[in-house]
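Chains, contacts and geometry: an overview
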Amino acid sequence: MLRRRKPEKKPEAETSVPVAVTPTPAAVSVPAAATRPARWSCVDTCCWFIGWICFSWWVLLFLYHAAPASLTQQVTEAISGPMPDPPGALLRKEGVTARHPVVFVPGIVTGGLELWEGRPCAEGLFRKRLWGGTFGEVYKRPSCWLEHMSLDNETGLDPPGIRIRAVSGLVAADYFAAGYFVWAVLIANLAHIGYEEKTMYMASYDWRLSFQNTEVRDQTLSRIKSNIELMVATNGGKKAVVIPHSMGVLYFLHFMKWVEAPAPMGGGGGSDWCARHIKAVMNIGGPLLGVPKAIAGLFSAEAKDVAVAREKAPGVLDSDFFGLQTLPHIMRLSRTWDSTMSMIPKGGDTIWGGLDWSPEEGYDCSDKKKSENVPHTSEEFRVGVDDIHISNVNYGRIISFGKDVAEAPSSNIKRINFRDAVTGNNFAHSNNSCHDVWTEYHEMGREGIQAVADYKSYTTSDVLDLLHFVAPKMMKRGGAHFSYGIADDLDDPKYKHYKYWSNPLETKLPNAPDMEIYALYGVGIPTERAYVYKLAQPAECYIPFQIDITADGGSKNSCLKDGVYNVNGDETVPVLSAGFMSAKAWRGKTRFNPTGIKQYIREYNHAPPANFLEGRGTQSGAHVDIMGNFALIEDILRVAAGATGEELGGDRVYSDIFTWSKKIDLQL
């Protein structure tokens, strides 16, 4: 508020007789300050703005707590109509009740990790989550967080003086972060039909470690074995239904071989352990044959979204920016996680295609097929495709340096072998910070980097040599724990080693003819399958290769977007990886499935949420969001309650997985 300045006192008149004077308008004197408008500064504006936000937030918070709990549902129903009852509630009305104990096996990154021992910079964080939850420590002390989340480059285990361990119990992976569910919706629906903690078990593990090292360090595999045995024994001998998700599918495949194998390498359960303890294995979004994303992640620490951000803001992601941990540091971290190497594509060119062919050749990248909602069985697979939108993409070239190379006939591609290239002439030799980042690229030299680009085009078989060339230390560790080939003779004694147990093409399913295996996965979402790369601009401690986001197909129906060739899948796992084993290699009695364990493929056609009030959707086929898919939840609940695959209706397939599987020449 403005205050009028007080008029100055005039000296008293010498005469004591007052004289009345009537001033004229012209004679009235108004102070200048009173005629000026009030001055409003930006500080005042900011204060009012902040105050208004705080007041509004307080009012909204008050209304939120004062409102009835059902208000959100009422608003949602008013906009989009009545919400469907969750599957658990519907099945309970049908009389479906809990029967078989249930085991959850989480995938990579979705399980919480907590600190048990650390450096001085981690003081006060004992048993606090460093992964999952709020991720507050990432922002408060990023360098300290990176140091603790990294494993030892030589051993693949804890660095000296650091112990990070998996969170235990159902809370280990019910939510990844506040409000972002993973297993929570499925757990809640199981509770509707009578399940509780004594009949559900979260087989949490440190997903950073190689699978066998989870047993070496934490005895996790032994704990899973003991808990399943206890649950079966305390539930009247009813066998368990095991539900792995994502990388957890590979982890449990490793477990099934480990539990049969004799000690000390295995669990000593005998060849009939799975037959005695497991009713069904329901694999959700299983990358059984690996994922191309793993190659991009290990090669350049990228996926499609990261590649776009890297191109738009190279100064942020390729170097330190105001102390933030950037792409080289992400590579340093992830290359110590041996589990990532479990998802390198398996089966080589036989499965994924070569320079001139791929199983998915002719895939229609338009929206036409994705809108179809009519499933078909293995006997009704479609042979033809719409000629208008036929894609000529050769997905077998999983990495190509340049769009022209990706599209050229193989006879026109002149490749210079990189395998014998001389590395060295280290351009970062004098920079100690590069050694701190540890991407291994600073050890290659310019000649080695150029040799990689000169090879032009890489198939899946070539990629293994490529990774050995650019990251020899990482691949040396990985080679001791994982294998990526196809077995010629599964009875060869070498396949008794644990490095083969998570590769379905180099191991046999257990001797359990009454067990069932389900492949449950989403379809209808563009999923990364092959990449167009280019050399990055040289910089200090940089990653020299990056996805070329300028490479584009030129039309909305093109399979090439932002340097990535897409195919049908769940946004992370291509259909080929999730479905091939159950569609062909494990179907019936084969050398990979000698006792003929029954296989069922249940695909879920992706449908995005109708509006933002629907959250992540009840019909989503996305890799993690599918955990809230009502159709998937119903299938799981029915099997847990005792139903068989035939009673569910057998296969339900929307994709061309059977067509693509027929193109793969694999000895069965």
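The following refers to the structure shown. (Residues numbered from 1 in each chain as written. Predicted model: local features only at pLDDT ≥ 70, side-chain atom pairs only at ≥ 80, totals over all residues. Heavy atoms only, no water.)

As for the overall build of the protein chain
Along its length, the protein chain carries 26 helices and 17 strands. When burial is assessed residue by residue, the protein chain has 52% of its 668 residues classed as buried. Within the protein chain, contacts between residues at least 6 apart in sequence are counted, and of these 76% link residues at least 24 apart. For the protein chain, the accessible surface area stands at approximately 30900 Å², while carbon and sulfur atoms represent 56% of it. (Helix = DSSP H or I, 4+ residues; strand = E, 2+ residues; numbered from the N terminus. Buried < 20%, exposed > 50% of the residue type's maximum accessible area, 1.4 Å probe, protein only. Contact = heavy atoms within 4.5 Å. Areas by Shrake-Rupley, 256 points an atom, 1.4 Å probe, with all protein chains shown as cover.)

Description of the packing of aromatic side chains
Geometry of an aromatic ring pair is reported as the spacing of the ring centres plus the angle between the planes. One pass over the structure, following the stated rule, counts 29 aromatic pairs. An aromatic cluster of three or more residues is present, and its members are Phe299, Phe401, Phe418, Tyr455, Tyr458, Phe469, Tyr531, Tyr533 and Phe545. A cation over an aromatic ring shows up here: Arg616 above the ring of Tyr180, its NZ or CZ 3.8 Å from the ring centre. Lying over the aromatic face of Phe181, Arg616 brings its terminal NZ or CZ to 3.8 Å of the ring centre. (Phe/Tyr/Trp six-rings, centres within 6.5 Å; stacked < 30°, edge-to-face > 60°. Lys NZ or Arg CZ within 6 Å of the ring centre and 35° of its normal.)

With respect to helix 4 (residues 87-94)
Along helix 4, the positions that sit buried rather than exposed are Pro87, Gly88, Ala89 and Leu91. On its buried side, helix 4 packs onto helix 7 (184-192) and helix 24 (630-640). Gly95 occupies a position one or two residues after helix 4 and carries a positive phi of about 95°.

Let's talk about the environment of Ser366
Position of Ser366 relative to the elements: it lies in the loop between helix 16 (348-352) and helix 17 (368-371). Among the residues examined, Ser366 registers a relative accessible area of 3% and is labelled buried.

As for the sheet that holds strand 3 (residues 129-131)
A sheet is described by the order of its strands in space; here 3 strands give the open sequence 3-2-4, paired in antiparallel fashion. Whereas interior strands pair on both sides, the edge strands pair on one side only; in this sheet they are strand 3 and strand 4 (163-166). Strand-to-strand twist in this sheet, taken as the mean axis angle between neighbours without regard to direction, amounts to 45°. Sheet analysis places strand 2 (residues 113-117) next to strand 3, joined by 2 bridges and oriented antiparallel. Paired with Glu114 across the two strands is Arg129, which belongs to strand 3. Here helix 6 (residues 142-149) sits on the sheet and contacts strand 2, strand 3 and strand 4; the angle it forms with strand 3, its principal contact strand, is near 80°. (Pairing = 2+ DSSP bridges. Axes fitted to C-alpha atoms, helices over the stretch in contact; angles between N-to-C directions.)

Some thoughts on the layout of surface pockets
The space that makes up the largest pocket amounts to roughly 1500 Å³. Lining the largest pocket we find 46 residues, and of these Ile108, Val109, Lys293, Glu302 and Ala303 sit closest to its centre. For the lining of the largest pocket, the secondary-structure elements that each account for two or more residues are helix 6, helix 12 (292-300), helix 13 (304-312), helix 15 (327-334) and strand 13 (525-535). Here the element with the most residues in the lining of the largest pocket is helix 15; it accounts for 5 residues. Classifying every residue of the lining of the largest pocket by side-chain character gives 26 nonpolar, 13 polar and 7 charged. (1 Å grid on protein atoms, 1.4 Å probe; cavity = no way out; pocket = protein on both sides within 12 Å on 5 of 7 lines; lining within 4 Å. Points joined across faces, edges and corners; volume = space filled by probe spheres on them. Nonpolar A, V, L, I, M, F, W, Y, C, P; charged D, E, K, R; others polar.)

Notes on unusual backbone geometry
The omega angle of the peptide bond from Ala263 to Pro264 is 5°, so this bond is cis rather than trans. Within the fold, Pro264 resides in the loop between helix 10 (247-260) and helix 11 (273-277). For Gln219, which is not glycine, the phi torsion reads 55° and is therefore positive. Relative to the helices and strands, Gln219 resides in the loop between helix 8 (211-218) and helix 9 (220-233). According to the relative accessible area criterion, Gln219 is partly exposed, its value standing at 36%. Of note, Glu571 is a non-glycine position whose phi angle comes to about 90°, a positive value. Looking at where Glu571 falls in the secondary structure, it is placed in the loop between strand 16 (564-569) and helix 23 (575-585).

Some details on the nonpolar core
Core analysis: the largest hydrophobic core is formed by 138 residues, its most contacted members being Phe255, Phe299, Val452 and Val470. Broken down by element, the residue count for this core peaks at 10 residues, all from helix 10. Setting aside anything within four residues of it in sequence, one finds Phe255 in contact with Leu221, Ile224, Lys225, Ile228 and Trp273. Among the nonpolar cores identified, the runner-up in size contains 37 residues, and Ile193, Ile633, Ile636 and Ala640 belong to it. (Core = buried A, V, L, I, M, F, W, Y, C linked by side-chain atoms within 4.5 Å.)

What to know about the pattern of salt bridges
Enumeration according to the criterion identifies 26 salt bridges in this entry. The closest approach of N and O atoms between Glu229 and Lys225, which form a salt bridge, is 3.1 Å. Of the two residues, Glu229 and Lys225 are both situated in helix 9; the distance of 4 residues between them amounts to about one turn of the helix. Accessibility expressed as a relative area gives 27% for Glu229, which makes it partly exposed. On the basis of relative accessible area, Lys225 is assigned to the buried category, the value being 15%. (Salt bridge = Lys/Arg side-chain N within 4 Å of Asp/Glu carboxyl O.)

Section: the pairing of strand 16
Summarising burial for strand 16: 6 of the 6 residues are buried, a large majority. In terms of strand pairing, strand 13 meets strand 16 through 6 bridges, oriented antiparallel. Residue pairing for strand 16: Pro526 is matched across the bridge by Asn568. Here strand 15 (residues 560-561) runs beside strand 16; their pairing, made up of 2 bridges, is antiparallel. Counterpart to Lys561 in the pairing with strand 16 is Val564. Connecting strand 15 to the antiparallel partner strand 16 that follows it, the hairpin turn spans 2 residues, and Asp562 within it adopts a positive phi of roughly 55°.

By themselves, these observations are geometric and do not establish any function.
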